[in-house]
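What follows is each chain in one-letter form.
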Amino acid sequence: EPEVTQTPSHQVTQMGQEVILRCVPISNHLYFYWYRQILGQKVEFLVSFYNNEISEKSEIFDDQFSVERPDGSNFTLKIRSTKLEDSAMYFCASSDYGQRAGELFFGEGSRLTVL
Amino acid sequence: AQRVTQPEKLLSVFKGAPVELKCNYSYSGSPELFWYVQYSRQRLQLLLRHISRESIKGFTADLNKGETSFHLKKPFAQEEDSAMYYCALLRGAGFQKLVFGTGTRLLVSP
(Lines give C-alpha, C1' and ligand atoms only; values in the text may rest on other atoms or scores of the structure.)
Protein backbone atom coordinates (compact mmCIF):
# COMPACT_ATOMS: atom_id res chain seq x y z
CA GLU A 1 0.00 0.00 0.00
CA PRO A 2 1.45 3.41 -0.91
CA GLU A 3 2.56 5.57 2.00
CA VAL A 4 3.71 9.11 2.64
CA THR A 5 7.39 9.11 3.53
CA GLN A 6 9.25 11.79 5.45
CA THR A 7 12.91 12.55 6.00
CA PRO A 8 14.68 13.02 8.29
CA SER A 9 12.95 11.19 11.10
CA HIS A 10 14.78 13.35 13.62
CA GLN A 11 16.81 16.52 13.19
CA VAL A 12 18.65 18.48 15.83
CA THR A 13 19.64 22.02 14.94
CA GLN A 14 20.90 25.18 16.54
CA MET A 15 18.64 28.17 16.95
CA GLY A 16 18.84 30.44 13.93
CA GLN A 17 19.75 27.70 11.50
CA GLU A 18 17.74 26.80 8.43
CA VAL A 19 15.99 23.46 8.30
CA ILE A 20 14.39 21.64 5.38
CA LEU A 21 12.00 18.80 6.05
CA ARG A 22 11.23 16.56 3.14
CA CYS A 23 8.17 14.56 2.21
CA VAL A 24 7.23 12.26 -0.63
CA PRO A 25 3.44 12.24 -0.88
CA ILE A 26 1.43 9.39 -2.36
CA SER A 27 1.97 9.58 -6.10
CA ASN A 28 -1.54 10.19 -7.40
CA HIS A 29 -2.50 12.65 -4.67
CA LEU A 30 -3.07 16.27 -5.53
CA TYR A 31 -3.27 17.97 -2.12
CA PHE A 32 -0.38 18.26 0.29
CA TYR A 33 -0.25 19.42 3.86
CA TRP A 34 2.06 20.14 6.75
CA TYR A 35 0.90 19.82 10.31
CA ARG A 36 2.91 20.05 13.49
CA GLN A 37 2.53 18.77 17.02
CA ILE A 38 4.40 20.35 19.86
CA LEU A 39 5.03 17.81 22.60
CA GLY A 40 1.90 17.30 24.69
CA GLN A 41 -0.22 19.52 22.50
CA LYS A 42 -2.64 18.98 19.65
CA VAL A 43 -1.90 18.44 15.98
CA GLU A 44 -1.99 21.88 14.34
CA PHE A 45 -2.50 22.76 10.70
CA LEU A 46 0.29 24.73 9.08
CA VAL A 47 -0.35 24.85 5.37
CA SER A 48 -2.07 23.18 2.44
CA PHE A 49 -0.73 23.14 -1.10
CA TYR A 50 -2.46 22.45 -4.38
CA ASN A 51 -1.61 23.06 -8.01
CA ASN A 52 1.83 24.37 -7.08
CA GLU A 53 0.65 27.02 -4.72
CA ILE A 54 -0.42 27.49 -1.14
CA SER A 55 -4.19 27.13 -0.88
CA GLU A 56 -4.54 27.81 2.83
CA LYS A 57 -2.22 28.60 5.72
CA SER A 58 -2.54 29.14 9.42
CA GLU A 59 -1.36 32.06 11.52
CA ILE A 60 1.54 29.86 12.62
CA PHE A 61 2.84 29.76 9.05
CA ASP A 62 4.62 33.09 9.07
CA ASP A 63 7.39 34.45 6.88
CA GLN A 64 9.99 32.10 8.30
CA PHE A 65 8.15 29.13 6.80
CA SER A 66 7.95 28.20 3.15
CA VAL A 67 6.87 25.17 1.17
CA GLU A 68 7.93 23.96 -2.20
CA ARG A 69 7.33 21.16 -4.60
CA PRO A 70 10.67 21.26 -6.42
CA ASP A 71 9.98 18.27 -8.63
CA GLY A 72 7.17 15.87 -9.31
CA SER A 73 7.58 13.91 -6.14
CA ASN A 74 9.00 15.88 -3.23
CA PHE A 75 7.19 18.36 -1.01
CA THR A 76 9.38 20.34 1.35
CA LEU A 77 8.91 22.55 4.38
CA LYS A 78 11.64 25.08 5.01
CA ILE A 79 12.10 26.93 8.26
CA ARG A 80 14.51 29.80 7.59
CA SER A 81 15.71 30.75 11.03
CA THR A 82 14.66 28.23 13.63
CA LYS A 83 13.52 29.24 17.09
CA LEU A 84 13.32 27.18 20.23
CA GLU A 85 9.54 27.10 19.93
CA ASP A 86 9.77 25.44 16.52
CA SER A 87 10.72 22.22 18.29
CA ALA A 88 7.92 19.83 17.39
CA MET A 89 6.94 16.81 15.36
CA TYR A 90 6.16 17.87 11.82
CA PHE A 91 3.75 15.74 9.84
CA CYS A 92 3.34 15.74 6.12
CA ALA A 93 0.07 14.51 4.66
CA SER A 94 -1.47 14.11 1.26
CA SER A 95 -4.93 13.45 -0.09
CA ASP A 96 -6.69 12.91 -3.35
CA TYR A 97 -9.49 15.07 -1.97
CA GLY A 98 -12.44 14.70 -4.24
CA GLN A 99 -15.10 12.52 -2.72
CA ARG A 100 -12.95 11.54 0.21
CA ALA A 101 -12.39 15.04 1.51
CA GLY A 102 -10.86 15.02 4.92
CA GLU A 103 -9.15 11.68 4.47
CA LEU A 104 -5.54 12.59 4.88
CA PHE A 105 -2.70 10.13 4.64
CA PHE A 106 0.02 11.06 7.08
CA GLY A 107 3.70 10.37 7.15
CA GLU A 108 5.42 9.14 10.27
CA GLY A 109 6.66 12.60 11.10
CA SER A 110 9.95 14.43 11.40
CA ARG A 111 10.95 15.39 14.90
CA LEU A 112 12.71 18.74 15.00
CA THR A 113 14.69 19.70 18.07
CA VAL A 114 16.00 23.26 18.21
CA LEU A 115 18.74 23.90 20.76
CA ALA B 1 -13.57 30.05 14.84
CA GLN B 2 -13.94 26.32 14.75
CA ARG B 3 -12.79 24.32 17.74
CA VAL B 4 -12.72 20.66 18.74
CA THR B 5 -12.73 19.67 22.40
CA GLN B 6 -11.79 16.28 23.76
CA PRO B 7 -12.23 16.61 27.51
CA GLU B 8 -10.42 13.42 28.53
CA LYS B 9 -6.67 13.09 28.13
CA LEU B 10 -6.73 9.48 29.25
CA LEU B 11 -9.45 6.87 29.30
CA SER B 12 -8.59 3.59 30.97
CA VAL B 13 -10.93 0.60 30.71
CA PHE B 14 -10.80 -3.16 31.05
CA LYS B 15 -11.07 -5.48 28.09
CA GLY B 16 -14.70 -6.14 27.24
CA ALA B 17 -15.95 -2.92 28.81
CA PRO B 18 -17.82 -0.32 26.74
CA VAL B 19 -15.88 2.69 25.57
CA GLU B 20 -17.01 6.22 24.79
CA LEU B 21 -14.48 8.85 23.78
CA LYS B 22 -16.03 12.28 23.91
CA CYS B 23 -15.73 14.96 21.27
CA ASN B 24 -17.51 18.28 21.15
CA TYR B 25 -17.11 20.89 18.49
CA SER B 26 -17.95 24.50 17.94
CA TYR B 27 -18.71 25.66 14.45
CA SER B 28 -21.78 27.42 13.19
CA GLY B 29 -21.85 25.85 9.75
CA SER B 30 -22.24 22.23 8.64
CA PRO B 31 -18.94 20.61 9.44
CA GLU B 32 -17.65 17.21 8.59
CA LEU B 33 -16.31 15.26 11.54
CA PHE B 34 -13.68 12.56 11.67
CA TRP B 35 -11.93 10.30 14.09
CA TYR B 36 -8.24 9.67 13.53
CA VAL B 37 -6.24 7.08 15.45
CA GLN B 38 -2.55 6.67 16.17
CA TYR B 39 -1.42 3.26 17.41
CA SER B 40 1.91 2.97 19.16
CA ARG B 41 4.79 3.59 16.75
CA GLN B 42 2.43 4.00 13.81
CA ARG B 43 1.30 6.95 11.80
CA LEU B 44 -1.87 8.93 12.29
CA GLN B 45 -4.64 7.37 10.21
CA LEU B 46 -8.30 7.90 9.55
CA LEU B 47 -10.58 5.67 11.60
CA LEU B 48 -13.98 6.86 10.50
CA ARG B 49 -15.94 9.84 9.17
CA HIS B 50 -19.45 10.85 10.04
CA ILE B 51 -20.78 11.08 6.51
CA SER B 52 -20.06 7.44 5.77
CA ARG B 53 -21.96 6.29 8.86
CA GLU B 54 -20.00 3.06 8.99
CA SER B 55 -18.56 0.93 11.75
CA ILE B 56 -14.81 0.44 11.67
CA LYS B 57 -13.14 -2.08 13.98
CA GLY B 58 -16.37 -2.08 15.99
CA PHE B 59 -16.28 1.68 16.52
CA THR B 60 -19.17 3.96 15.63
CA ALA B 61 -19.70 7.68 15.98
CA ASP B 62 -22.88 9.66 15.53
CA LEU B 63 -22.95 13.34 14.79
CA ASN B 64 -25.35 15.10 17.15
CA LYS B 65 -25.83 18.59 15.83
CA GLY B 66 -28.04 19.61 18.74
CA GLU B 67 -25.34 18.78 21.26
CA THR B 68 -22.51 19.56 18.82
CA SER B 69 -20.95 16.23 19.67
CA PHE B 70 -19.33 13.38 17.80
CA HIS B 71 -18.55 10.80 20.45
CA LEU B 72 -16.74 7.60 19.50
CA LYS B 73 -18.19 4.40 20.90
CA LYS B 74 -17.40 0.73 21.04
CA PRO B 75 -19.48 -1.76 23.01
CA PHE B 76 -16.64 -4.12 23.94
CA ALA B 77 -13.10 -2.76 24.07
CA GLN B 78 -10.15 -4.91 22.99
CA GLU B 79 -6.53 -4.57 24.07
CA GLU B 80 -5.55 -3.74 20.50
CA ASP B 81 -7.77 -0.66 20.67
CA SER B 82 -5.21 0.99 22.93
CA ALA B 83 -4.09 4.07 21.04
CA MET B 84 -4.33 7.83 20.80
CA TYR B 85 -7.63 9.00 19.32
CA TYR B 86 -8.12 12.40 17.74
CA CYS B 87 -11.40 13.98 16.78
CA ALA B 88 -11.13 16.35 13.82
CA LEU B 89 -13.35 18.83 12.03
CA LEU B 90 -13.44 20.00 8.44
CA ARG B 91 -15.49 23.09 7.78
CA GLY B 92 -17.06 21.44 4.76
CA ALA B 93 -16.52 20.43 1.19
CA GLY B 94 -14.09 22.75 -0.51
CA PHE B 95 -12.09 23.41 2.65
CA GLN B 96 -8.88 21.68 3.41
CA LYS B 97 -7.88 22.55 6.93
CA LEU B 98 -8.55 19.81 9.43
CA VAL B 99 -8.87 21.09 12.99
CA PHE B 100 -7.85 18.49 15.56
CA GLY B 101 -8.75 18.07 19.17
CA THR B 102 -6.06 17.48 21.76
CA GLY B 103 -6.57 13.73 21.67
CA THR B 104 -7.58 11.05 24.15
CA ARG B 105 -5.33 8.16 25.03
CA LEU B 106 -7.33 4.98 25.34
CA LEU B 107 -5.75 2.28 27.45
CA VAL B 108 -7.44 -1.11 27.47
CA SER B 109 -6.17 -3.43 30.17
CA PRO B 110 -6.55 -7.21 30.19
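Below, the structure is looked at part by part. (Residues numbered from 1 in each chain as written. Chains lettered and ligands numbered in written order. Predicted model: local features only at pLDDT ≥ 70, side-chain atom pairs only at ≥ 80, totals over all residues. Heavy atoms only, no water.)

Let's talk about the sheet that holds strand 7 (residues 60-61) of chain B
Residues and elements named next belong to chain B.
Then step 1. Taken in spatial order, the three strands of this open sheet run 3-8-7, and their pairing is antiparallel. With one partner strand each, in any of the chains shown, strand 3 (19-21) and strand 7 form the two edges of the open sheet.
Then step 2. Here strand 7 pairs with strand 8 (residues 72-74) via two bridges, running antiparallel. For Ala 61, the partnering residue across the bridge sits in strand 8 and is Leu 72. (Pairing = 2+ DSSP bridges. Helix = DSSP H or I, 4+ residues; strand = E, 2+ residues; numbered from the N terminus.)

Thoughts on the interface of chain B and chain A
Then step 1. Contacts between chain B and chain A engage 21 residues on the former and 23 residues on the latter.
Then step 2. Summing both partners gives a buried area of about 1900 Å² for chain B against chain A, and 49% of it is carried by carbon and sulfur.
Then step 3. Summed over the three residues of chain B that lose the most area to chain A, namely Arg 43, Gln 96 and Phe 100 of chain B, the buried surface amounts to 39% of that side.
Then step 4. On inspection of chain B and its partner chain A, the count reaches two salt bridges.
Then step 5. Joining chain B to chain A, the criterion identifies six residue pairs in polar contact (both at pLDDT 80 or more).
Then step 6. Looking at the side of chain B that touches chain A, the elements with two or more residues in it are strand 5 (32-38), strand 6 (45-49), strand 9 (83-90) and strand 10 (98-100) of chain B. (Contact = heavy atoms within 4.5 Å. Buried area = accessible area lost by both parts, 1.4 Å probe. Salt bridge = Lys/Arg side-chain N within 4 Å of Asp/Glu carboxyl O. Polar contact = N/O pair within 3.5 Å; in protein donor to acceptor, adjacent residues only side chain to side chain.)

Some points on the environment of Ile 51 of chain B
Then step 1. Within the element layout of this structure, Ile 51 of chain B appears in the loop between strand 6 and strand 7.
Then step 2. Spatially, the C-alpha atoms of Ile 51 of chain B and Leu 33 of chain B are 7.9 Å apart, while their sequence positions differ by 18 residues.

Some words on the packing of aromatic side chains
Then step 1. Applying the stated criterion across every chain, the model contains 15 aromatic pairs over all chains.
Then step 2. Measuring from centroid to centroid gives 4.3 Å for Tyr 31 of chain A and Tyr 50 of chain A, while their planes differ by 10°, and the two rings are stacked. Residue Tyr 31 of chain A is found in strand 4 (residues 31-37), and its partner Tyr 50 of chain A is found in strand 5 (residues 43-50); the two are separated by 19 residues along the sequence.
Then step 3. Given a relative accessible area of 33%, Tyr 50 of chain A falls into the partly exposed group.
Then step 4. Within the aromatic cluster, the residues linked to one another by ring pairs are Tyr 33, Tyr 35, Phe 45, Phe 91 and Phe 106 of chain A together with Tyr 36, Tyr 86 and Phe 100 of chain B. (Phe/Tyr/Trp six-rings, centres within 6.5 Å; stacked < 30°, edge-to-face > 60°. Buried < 20%, exposed > 50% of the residue type's maximum accessible area, 1.4 Å probe, protein only.)

Things to note about the side chain of Thr 13 of chain A
Then step 1. Assignment of secondary structure puts Thr 13 of chain A in strand 2 (residues 10-13).
Then step 2. Sequence-distant contacts of Thr 13 of chain A, defined by excluding residues within four places in its chain, comprise Val 19, Thr 82, Leu 112, Thr 113, Val 114 and Leu 115 of chain A.

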